[in-house]
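# Inside the fold
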Amino acid sequence: MKILMASSEAVPFAKTGGLADMVSSLSRALAALGHEVCIALPRYYGIDKSRLKALEGAMGVPMGGGEEWCAVLESVLPGPNGKQNKNNVRVFFIDHEKFFGRDGIYGTPSEPDFLDNPRRFTFFSRSIFQLCRKIGWYPDIIHAHDWPAALSAVYLKFSERFNNFAKTVSALTVHNLGYQGIYSRDNYYHTGLGWDVFYRAGFEDGNMMNMLRAGIYSADTLNTVSPHYAEETMTGEYGFRLDGVLRYRSSSYRGILNGIDTDTWNPEKDSFIPCPYSAKNMEGKSKAKKALQKEFGLEPNADVPVIGLISRLTGQKGVGELFGPAYGSAYPICRDMNIQFAILGSGESWCENELRSLSMRLPNLKARIGYDERLAHLIEAGSDFFLMPSRYEPSGLNQMYSLSYGTIPIVRNTGGLVDTVENFNEATGTGTGFMFNDLTPDAIYNTVGWAVWAWYNRRPQIEEMRKRGMKKDFSWENSAKKYVIMYEEAVSKTQ
Ligand code: ADP
Ligand code: GLC
């Protein structure tokens, strides 16, 4: 099959979170199964133009106010670790100075959501059809990711299908319902679509326009990134007001768990850690722990459990309950328990400030503010436990990295965390992690306390648990095959 991925992020070119990892890994996995895959991505300033090949001629994209002209640049998706990729996935960059020639993907710290985002991503979603015409390549599947690319499903259904794309079907993956692209209706003008389509495609959201909602209504097939989150999103609690629309589309909606890139995230080949290791020989893990303690200025002590955390510092990740000044559980955990806490993250400024302050007040909590790939690997390898108290978690990648690195996850019972972590059961000697239900500072405190108690009192069981986690297979191949089934079903229904 010919598959075009339309996404606002893809590693190594542009990343704010797991979406970028997912798009590139899935593309590689599909290519390895023999499919022809291309990725379309906006060309932000962060992407070095000098390394890309420019296609000849400008490309006009019809928008509400007339054509917008852009250039197209081309490259090849490198393999994991930047190595040459044997399954050529081509990447096309839409280069439009006014829309993408600036720092930031969706915004900057001073302007977190660029005012013209609806226009920028409407343009991007429309540009992919012109791109296909330009390169003379008509895909069987246009696979859009999240709200920034969701309008490509709308354009296909209401305009392009009658116009060269009769055999193409659209797939939409929802990575995070917390971001829907809800903007003033004034922006609808930029789509160039009639007002009848506004209502028929499902843009209407009170007196606003909702880009993800329109994508969900219009896509031929859709999914989210874990089976449990798929169920949750059809409830009022987790649906972010789109639960009704998702229930309406439920016969074409499913959950497919993300995989992880086992070349990049693999303790046996990880070049960021002092010494590789495996379940058979864990010596390298002790070395990583020592290196982590040194790097973070924590007391070098093999007996004290290290808890790691790597996260975007935002409400979704439970950082309020964990680090909220005066009520968060991190302070009492570090005060009452003999543990060390190593944190890496960036995000909301109150949280960054609180982490700086906690690092000064507590000798056993150290935080690094920022984005650091190398440190992320060192934390995964050197920690004994990994904390993810997410409010909601569509899939989550870090808990899968943790399991592969023999680092025991402590997670909330939600979303993809349920599909990947099994709660510890002392009596039956089963489980790969520790879980709690309610997102409250007390629940986090008690569950971390339970894990720490097990560390000091049930050590053989902890070692067994690590090994059970390391045996889990989270490679992409299985999930990629499920996407192929999803595509095939959509193709057979549409034709
Ligand atoms: P989300 O996409 O919701 O942020 P995921 O668990 O799917 O959550 O993916 C997060 C990805 O971003 C992981 O690859 C994680 O290691 C990485 N990450 C998040 N914050 C940082 C950071 N500060 N430094 C390095 N990597 C980070
Ligand atoms: C989103 C979700 C995360 C998921 C990622 C990749 O950012 O928050 O849970 O792993 O997308 O699908």
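Predicted model only: the values in this text are computed from it and were never measured.

Cut-offs and rules
Residues numbered from 1 in each chain as written. Chains lettered and ligands numbered in written order. Predicted model: local features only at pLDDT ≥ 70, side-chain atom pairs only at ≥ 80, totals over all residues. Heavy atoms only, no water. Domains from an automatic or database assignment. Contact = heavy atoms within 4.5 Å. Buried area = accessible area lost by both parts, 1.4 Å probe. Salt bridge = Lys/Arg side-chain N within 4 Å of Asp/Glu carboxyl O. Polar contact = N/O pair within 3.5 Å; in protein donor to acceptor, adjacent residues only side chain to side chain. Helix = DSSP H or I, 4+ residues; strand = E, 2+ residues; numbered from the N terminus. Nonpolar A, V, L, I, M, F, W, Y, C, P; charged D, E, K, R; others polar. Buried < 20%, exposed > 50% of the residue type's maximum accessible area, 1.4 Å probe, protein only. Pairing = 2+ DSSP bridges. Phe/Tyr/Trp six-rings, centres within 6.5 Å; stacked < 30°, edge-to-face > 60°. Axes fitted to C-alpha atoms, helices over the stretch in contact; angles between N-to-C directions. Parallel < 35°, antiparallel > 145°, perpendicular 65-115°, else oblique. Near = heavy atom within 4 Å. Areas by Shrake-Rupley, 256 points an atom, 1.4 Å probe, with all protein chains shown as cover.

### Let's talk about the domain arrangement of the protein
- Examined at the domain level, the protein breaks down into domain 1 (2-259 + 476-494) and domain 2 (283-470).
- Taking only C-alpha atoms, the centre of domain 1 and the centre of domain 2 are 33 Å apart.
- Between domain 1 and domain 2, the contact holds 19 residues from the first and 19 residues from the second.
- Between domain 1 and domain 2, the buried area comes to about 1,400 Å², and carbon and sulfur atoms account for 55% of it.
- Of all residues in domain 1, the largest losses of buried area upon contact with domain 2 belong to His228, Tyr238 and Leu257, amounting jointly to 29% of the total for that side.
- One can count 0 salt bridges joining domain 1 with domain 2.
- One can count 12 residue pairs in polar contact (both at pLDDT 80 or more) joining domain 1 with domain 2.
- Among the elements of the structure, helix H1 (18-32) and helix H7 (227-233) are those that each provide at least two residues to the side of domain 1 that touches domain 2.
- In terms of residues, the side of domain 1 that touches domain 2 owes the most to one element, H7, which gives 4 residues.
- Taken together, the residues of the side of domain 1 that touches domain 2 break down into 7 nonpolar, 9 polar and 3 charged.

### Some details on helix H13 (residues 373-382)
- With 8 of 10 residues buried, H13 is to be regarded as a mostly interior element.
- Those residues of H13 that fall on the buried side of the exposure criterion are Leu375, Ala376, His377, Leu378, Ile379, Glu380, Ala381 and Gly382.
- Contacts made by the buried residues of H13 are with helix H9 (283-296), strand S14 (306-313), strand S15 (340-347), strand S16 (365-369), strand S17 (385-388) and helix H14 (398-404).

### Remarks on the sheet that holds strand S9 (residues 182-184)
- On the basis of which strands lie adjacent, the open sheet formed by 3 strands has the order S9-S11-S10 and antiparallel pairing. Both outer strands of the open sheet, S9 and strand S10 (204-205), are each paired with one neighbouring strand and no more.

### Some thoughts on the side chain of Thr233
- For Thr233, the position within the fold is in helix H7.
- According to the relative accessible area criterion, Thr233 is buried, its value standing at 0%.
- Apart from residues lying up to four places away in sequence, Thr233 is in contact with Leu177, Tyr238, Gly239, Asp243, Leu246 and Tyr253.

### Here we look at the packing of aromatic side chains
- Per the counting criterion, the structure on display carries 30 aromatic pairs.
- Here the aromatic rings of Trp195 and Phe198 are separated by 4.9 Å at their centres, their planes lie at 50°, and the arrangement is tilted. With a gap of 3 residues between them, Trp195 and Phe198 both fall in helix H5 (residues 195-200), about one helical turn apart.
- On the accessibility criterion, Trp195 (43% relative accessible area) is partly exposed.

### Things to note about the environment of Leu417
- Among the structural elements, Leu417 can be located in helix H15 (residues 415-420).
- Exposure remark for Leu417: the relative accessible area of 0% places this residue in the buried category.
- Put simply, Leu417 and Pro394 are 23 residues apart on the chain and 8.3 Å apart in space, counted from C-alpha to C-alpha.
- The residues contacting Leu417, other than those within four sequence positions of it, are Met388, Ser390, Glu393, Ser395, Gln399, Val411, Arg412 and Met435.

### Describing the packing of helix H16 (residues 441-457) against helix H17 (residues 459-471)
- Here H16 crosses H17 at 110°, and the two axes come no closer than 5 Å. Taken together, H16 and H17 sit at an angle that is classed as roughly perpendicular. Facing H16, whose interface residues are Ala454, Trp455 and Asn457, H17 presents Arg459, Ile462 and Arg466.
- The class makeup of the residues in the contact of H16 with H17 is 3 nonpolar, 1 polar and 2 charged.

### Brief notes about the site of ligand 1
- The environment of ligand 1 is formed by 20 residues, the closest being Gly18, Arg312, Lys317, Gly370 and Leu397.
- Between ligand 1 and Gly370, the relevant distance is 2.7 Å, taken from a nitrogen atom to a main-chain nitrogen or oxygen of the residue.
- In the model, an oxygen atom of ligand 1 is placed 3.5 Å from a nitrogen or oxygen of the Tyr401 side chain.
- When ligand 1 is considered free in solution it has 560 Å² of accessible area, and contact with the protein chains removes 93% of it.
- If one sorts the elements of the shell around ligand 1 by residue count, S14 sits on top with 3 residues.
- Here the residues of the shell around ligand 1 are counted per class, giving 6 nonpolar, 8 polar and 6 charged.
- Structurally, the shell around ligand 1 is a two-domain feature, drawing no fewer than three residues from each of domain 1 (2-259 + 476-494) and domain 2 (283-470).

### Here's the deal with the site of ligand 2
- Around ligand 2 lies a shell formed by Gly18, Leu19, His175, Asn176, Val225, Asn258, Arg312, Gln316, Glu393, Pro394, Ser395 and Gly396.
- Within the side chain of Gln316, an N or O atom sits 3.1 Å from an oxygen atom of ligand 2.
- Within the contact set of ligand 2, an oxygen atom lies 3.5 Å away from a backbone nitrogen or oxygen of Pro394.
- For ligand 2, whose accessible area on its own is 310 Å², the fraction buried by protein is 93%.
- Here the shell around ligand 2 is composed, by residue class, of 3 nonpolar, 7 polar and 2 charged.
- In this structure, the shell around ligand 2 is formed jointly by two domains, domain 1 (2-259 + 476-494) and domain 2 (283-470), each of which donates at least three residues.

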